[in-house]
Each structure stands twice: as C-alpha cells, then as structure tokens.
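Close look at the chain arrangement
The lines below spell out each chain.
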Amino acid sequence: MRRMVAAVVLLGIVALIPTLVGFKQDKEAPTPAETAAPKVEPMKQGPVFPDIKMGTWHPSETMLLNNEDIPVGAMTFVNVDKQEILIDKNANDRVFPASTTKLMTALLAYEKASVANELDQPLISIQTSTLDIPWDSHIAHLEIGDTLTVRQALYATLLESGNDAANSLAEYTSGSTEAFVQLMNERAKVLGLTGTHFVNAHGYSDPNHYTTANDMAKITYAFSTYPELVEIAGTYEFKAEFNDKDGNGKRRWWYHLGSSVNERSIHYSKYVTATKTGYTDESGYTMVFIMKHQNETYILVTMQAKSGQTFPTMRLVEEKAFK
C-alpha cells in the first residue's frame, strides 16, 4: 500500500515538471531600469562687481626719479588721469602689503552697502569670530555685542586700521571671513591684478598673502573712484557713537594713523587727499597716498620701507612732480 502511494506521488511530481518549467520560461523577463538622465546644473556664476574702467597704464618715457635715489624697497607713482607710470622701482616684485590690504576690504564692503543703501544702517555686529585675530593685531577696541553702522566700521578700518573692524566688514559683506577672502581674490582678477593673492581681510602677514606696488596702485585707483571712501580715508579724526551688547551707548574717537592728513603733523601734505598705512615685521612700512595736483589725481605706493624712509620719499616725489 505504501509503495502504491509513493508511486502515485512520484508520478504526480513528474507530471508537474513541464508545467513548472513552462511557467518559469513564460514569465516575462524584468525590464531593465531606465538610466536617469543626468541633471543639468546651471553653471555657477561668479560675483558681479561694479564696472570700473581701469584703462591701460603705461610707463613714462622719462621717469621722475632714478631707482638709486629712492630709499624704499619698492614703489610706484602714477598719474591715473593720464594712466602714466611716472616712477617704478621694483613695482612688480612680490611684497607683503600689511594693512594697505584694508583698501580692498573697505572697497568691497562699501560697494555692497552703497548699492543696498545700508551705509548708515546698524548692521555690523561684533561676534566672537570677528575677534579671531592674531594677539598682536592693531585693533579699534571693538567688543562682542557692539553694533555699528557700516560707515562707522569703515572709519574704524581705514583710520585706526583695526583688524577687528576689518573682520566685521568681511562678515557683513560675505557672512564669514573665509567667504570674503574668496571675494577679495575674485575682485583682484576683475581688476586685472596679476601679482596679488589674499588670505585675510586685514593684512596680517602670511606667506600666501601678497601683492605688488603696481597692483596696490590699481586697488587704490578702484578705491579712489568712490568719493565717500576718499573722504573717509582722508579724515584725521572721527567720533563714533554706537551701542554695546546691552543696548547701552558707547562713544569712541578714532584717529588716522597716516599723519599726512593731520594738519598739525610735520608730515602733513596739502596734496594728499587720502592715505592708508601698514606695517608688519615681514612687510616693513607700507603706505598708499591718493594725491591731487592741478585737478589731476596721482597715486603713490611705497613698500618695504624702513623706519624714517616713507615721508622723505613722499616729499621727494612731491618736489619732483608738483613743483
């Protein structure tokens, strides 16, 4: 009996095999998944800057001074109306700019604020990150929680040469100093600078933070196309009133480190309409002068100066060019 049952079961299995095989063969093969078309991302556009016509600067046929008569290490002197380079001493050599860097910082912050009508808005907020600067930095004595207008921060940056103030402008403009440095280098390309690279907003020395005297003259020229910036950088003293973190009023007096705009200084010059100073051990003394003579604009950049060399160089240039 058991043998009969087993035989019947075996026969049943054998009978089902063709059906099972046919089912497997007749089952529709899976359709391969369609490959998704690559997503087309729009090209990332770089920042759009105001169009400043830089022109083509050309060397004068006759230089005003011989290099051996110029005490500073690197220098350029340009009549920007005629686009003529009147003095060139090592002007394309790589140098450290120190705080003359802040001309680029102020330029970018001003361009943003003026377009947005935010110059006199209290949009500068001092954060912990703002004060992340080397311990021996020159500062405008800003504190966490202070709230300033953009214009006030520009005065603190250009007069007192505060690294804290420069960082505050960077954060206002780009949200972070890192993003701002990228913007600085983008602006440098647009201005046609070929020997400049920035790594910070204030100019503290770094091997990868450099410029040339000619490039700095071009930055200064772009800066000089905005009368409000020239006015700020040509002011000797400025009173700022703003609020601290608790909303209490604060008052600060900021004084220009560039004595050529101080009428009480022996270094005062009637030709200088604006100036910016700089110094680190690595850069030596650096300085930029925007000058006016007979309705023409000149830019003087002195780099790699030793103590006591900058202002005699300025006087020498004035004597040769303006008298």
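Going by the structure above, here's the rest.
Quantities reported herein were computed from a predicted structural model and do not represent experimental measurements. (Residues numbered from 1 in each chain as written. Predicted model: local features only at pLDDT ≥ 70, side-chain atom pairs only at ≥ 80, totals over all residues. Heavy atoms only, no water.)

Considerations on the overall build of the protein
- The number of helices and strands found in the protein is eight helices and 10 strands.
- Here the protein, with 323 residues, has 49% of them falling under the buried criterion.
- The contacts in the protein between residues at least 6 apart in sequence include a share of 64% that link residues at least 24 apart.
- Working note: accessible area of the protein is about 17500 Å², and carbon and sulfur atoms make up 53% of it. (Helix = DSSP H or I, 4+ residues; strand = E, 2+ residues; numbered from the N terminus. Buried < 20%, exposed > 50% of the residue type's maximum accessible area, 1.4 Å probe, protein only. Contact = heavy atoms within 4.5 Å. Areas by Shrake-Rupley, 256 points an atom, 1.4 Å probe, with all protein chains shown as cover.)

Overview of unusual backbone geometry
- Despite not being glycine, Ala-98 has its phi angle at roughly 55°, a positive value.
- When you line up the elements, Ala-98 lands in the loop between strand S3 (84-89) and helix H2 (102-115).
- By relative accessible area, which is 1% here, Ala-98 ends up buried.
- Phi at Gln-294 is positive, roughly 50°, even though this residue is not glycine.
- Residue position: Gln-294 is located in the loop between strand S9 (284-293) and strand S10 (296-305).

Remarks on H2
- The terminal C-alpha atoms of H2 lie 20 Å apart, and with 14 residues this matches the ideal 20 Å at 1.5 Å per residue to within 8%.
- Lys-102, Leu-103, Met-104, Thr-105, Ala-106, Leu-107, Leu-108, Ala-109, Tyr-110, Glu-111 and Ala-113 are the residues of H2 that are buried. (Expected span 1.5 Å × (residues − 1).)

Re the sheet that holds S9
- If you walk across this open sheet you meet the six strands as S1-S3-S2-S10-S9-S8, and the pairing is mixed. Strands at the two margins of the open sheet, each flanked by one partner only, are strand S1 (58-59) and strand S8 (272-280).
- By the bridge criterion, two bridges tie S1 to S3 in an arrangement that is parallel. Paired with His-58 across the bridge in S3 is Glu-84. (Pairing = 2+ DSSP bridges.)

Concerning helix H8 (residues 310-322)
- With 13 residues, H8 ought to run about 18 Å at 1.5 Å a step, and its terminal C-alpha atoms sit 18 Å apart, in line with that.
- For H8, the full list of buried residues reads Thr-310, Phe-311, Thr-313, Met-314, Val-317, Glu-318 and Phe-322. All buried residues of H8 fall inside an arc of 150° around its axis, so they share one side.
- In this structure, the buried side of H8 is in contact with strand S2 (74-79), S3, S8, S9 and S10. (Arc of directions from axis to C-beta.)

Let's talk about the packing of aromatic side chains
- Counting across every chain of the model gives 12 aromatic pairs.
- The interplanar angle of 70° and the centroid separation of 5.0 Å between the aromatic rings of Tyr-298 and Phe-322 together place this pair among those described as edge-to-face. Of this pair, Tyr-298 sits in strand S10 while Phe-322 sits in helix H8, and the two are 24 residues apart along the sequence.
- Here Phe-322 falls in the buried class, since its relative accessible area comes to 8%.
- Above the plane of the ring of Tyr-210 lies Arg-94, whose end atom (NZ or CZ) is 3.7 Å from the centre. (Phe/Tyr/Trp six-rings, centres within 6.5 Å; stacked < 30°, edge-to-face > 60°. Lys NZ or Arg CZ within 6 Å of the ring centre and 35° of its normal.)

Section: the pattern of salt bridges
- Tallied over the entire structure, the rule returns 10 salt bridges.
- Salt-bridge contacts for Lys-245 lead to Asp-246; the nearest nitrogen and oxygen are separated by 3.3 Å. Neither Lys-245 nor Asp-246 differs from the other in exposure class; each is exposed.
- We note a salt bridge from Lys-323 to Glu-319, for which the minimum N-O separation is 4.0 Å.
- Each of Asp-120, Arg-151 and Glu-228 takes part in a single network of salt bridges with overlapping partners. (Salt bridge = Lys/Arg side-chain N within 4 Å of Asp/Glu carboxyl O.)

Section: the nonpolar core
- Membership of the largest hydrophobic core comes to 66 residues, with the highest contact counts inside it found for Met-104, Leu-154 and Trp-254.
- Top contributing element to this core by residue count: H2, with eight residues.
- Those residues in contact with Leu-154, other than ones at most four positions away along the chain, are Ala-106, Tyr-110, Leu-119, Leu-169, Leu-229 and Ile-232.
- Membership of the second largest hydrophobic core comes to 20 residues, among which are Leu-86, Met-291, Tyr-298 and Phe-322. (Core = buried A, V, L, I, M, F, W, Y, C linked by side-chain atoms within 4.5 Å.)

A closer look at the side chain of Asn-214
- By the secondary structure assignment, Asn-214 is in helix H6 (residues 213-224).
- Given a relative accessible area of 8%, Asn-214 falls into the buried group.
- Apart from residues lying up to four places away in sequence, Asn-214 is in contact with Trp-57, Thr-76, Ile-85, Asp-88, Ala-91 and Asn-92.

Some remarks on the pairing of S3
- Bridge analysis of S2 against S3 gives five bridges, and the strand direction is antiparallel. Bridging from a neighbouring strand, Phe-77 pairs with Ile-87 of S3.
- If you look at the hairpin formed by S2 and S3, you'll find four residues sitting between the two strands, and Gln-83 has a positive phi there, around 55°.

Everything listed here is a matter of geometry and, on its own, says nothing about what the molecule does.
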